[in-house]
Amino acid sequence: MSDNMANNPNMPGQGPRTPGQDPKTQADRANLEEQLGRLREDVTALNDAVKNLASHGAEDVRKQAWALREDVRQRGEAYIRQAQDAASDLEEEMSERIRAEPIKSVLIAAGIGYLYARLFR
């Protein structure tokens with residue numbers, strides 16, 4: 001029996017152990033499972049934080065886009081008003097010149113008509 005004990009690295013009085021039955025291995029496995037559980041919780045929390053950040057980021061981008069849209073709309077309306085005012089002023093000026101010099105205006109119009117007809121024949 002002493003030969004059996006010398007050749008068997010297991011504790012005396014116990015049968016041969018498999019690697020999974022060793023108390024140290026079981027403790028390591030429990031520790032690993034605990035760490036994996038914490039890691040899963042951390043990954044879940046990180047995933048939730050990323051989703052939350054993306055949601056808030058998308059909302060901020062949406063607000064900025066609406067603000068930019070409103071700014072562009074207001075600027076466009078201002079440019080249209082300026083163009084309408086300039087066209088109205090030009091129309092008034094042309095009307096005054098035509099009334100002041102009707103013969104010259106008719107000759108200029110006839111010359112433009114002649115050039116137009118020659119170019120697009």
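Reading the values: the criteria
Residues numbered from 1 in each chain as written. Predicted model: local features only at pLDDT ≥ 70, side-chain atom pairs only at ≥ 80, totals over all residues. Heavy atoms only, no water. Helix = DSSP H or I, 4+ residues; strand = E, 2+ residues; numbered from the N terminus. Buried < 20%, exposed > 50% of the residue type's maximum accessible area, 1.4 Å probe, protein only. Areas by Shrake-Rupley, 256 points an atom, 1.4 Å probe, with all protein chains shown as cover. Salt bridge = Lys/Arg side-chain N within 4 Å of Asp/Glu carboxyl O. Expected span 1.5 Å × (residues − 1). pLDDT = per-residue confidence, 0-100. Contact = heavy atoms within 4.5 Å. Patch = residues over 30% accessible without salt bridge, like charges linked within 9 Å, V, L, I, M, F, W, Y side chains within 5 Å. Lys, Arg positive; Asp, Glu negative; His and termini not counted. Charge placed at Lys NZ, Arg CZ, Asp CG, Glu CD. Phe/Tyr/Trp six-rings, centres within 6.5 Å; stacked < 30°, edge-to-face > 60°.

A. Summary view of the overall build of the chain. Of regular secondary structure, the chain possesses 3 helices and 0 strands. Listing the helices and strands of the chain from first to last along the sequence gives α-α-α. Here the chain holds 121 residues, and the buried ones make up 1% of them. Summing over all exposed atoms, the chain offers an accessible surface of approximately 11200 Å²; the carbon and sulfur share of this is 59%.

B. Summary view of the pattern of salt bridges. Going through the model one piece at a time under the given rule, you end up with 7 salt bridges. Linking Glu70 and Arg73 is a salt bridge whose minimum nitrogen-to-oxygen distance equals 2.3 Å. Highlighted residues: Glu70 and Arg73, both in helix α2 (residues 23-100), separated by 3 residues, approximately one helical turn. A residue is classified by how much of its surface remains accessible, and Glu70, at 27% relative accessible area, is partly exposed. The structure contains a network of salt bridges with shared partners spanning Glu70, Arg73 and Glu77.

C. Structural context of helix α3 (residues 102-119). Over its 18 residues, α3 runs 26 Å from end to end, which matches the ideal 26 Å to within 8%, given 1.5 Å per residue. Buried residues are scarce in α3, accounting for 1 of its 18 residues.

D. The arrangement of the confidence of the model for the chain in detail. When pLDDT is averaged across the chain, the result is 82; 83% of the residues are at 70 or more. By mean pLDDT, helix α1 (residues 2-7) is the weakest element of the chain at 47, and α3 is the strongest at 93. Under a pLDDT of 50 for its full length, residues 1-13 has, in the predicted model, 6 contacts with residues more than four places off or in other chains.

E. Just a negative patch on the surface, in detail. A cluster of acidic side chains, namely Asp85, Asp89, Glu91, Glu92 and Glu96, defines a negative patch on the protein surface. Inspection of the secondary structure assignment puts Asp89 in helix α2.

F. Broad picture of a nonpolar patch on the surface. A surface patch of nonpolar side chains, about 350 Å² in accessible area, is lined by Leu32, Leu36, Leu39 and Val43. Its location among the elements puts Leu39 in helix α2.

G. Spatial organisation of the packing of aromatic side chains. As enumerated under the stated definition, the model contains 1 aromatic pair in all. Look at Tyr116 and Phe120: their rings are 4.9 Å apart centre to centre, the planes differ by 50°, and that puts the pair in the tilted class. When sorted by exposure, Tyr116 lands in the same class as Phe120, which is exposed.

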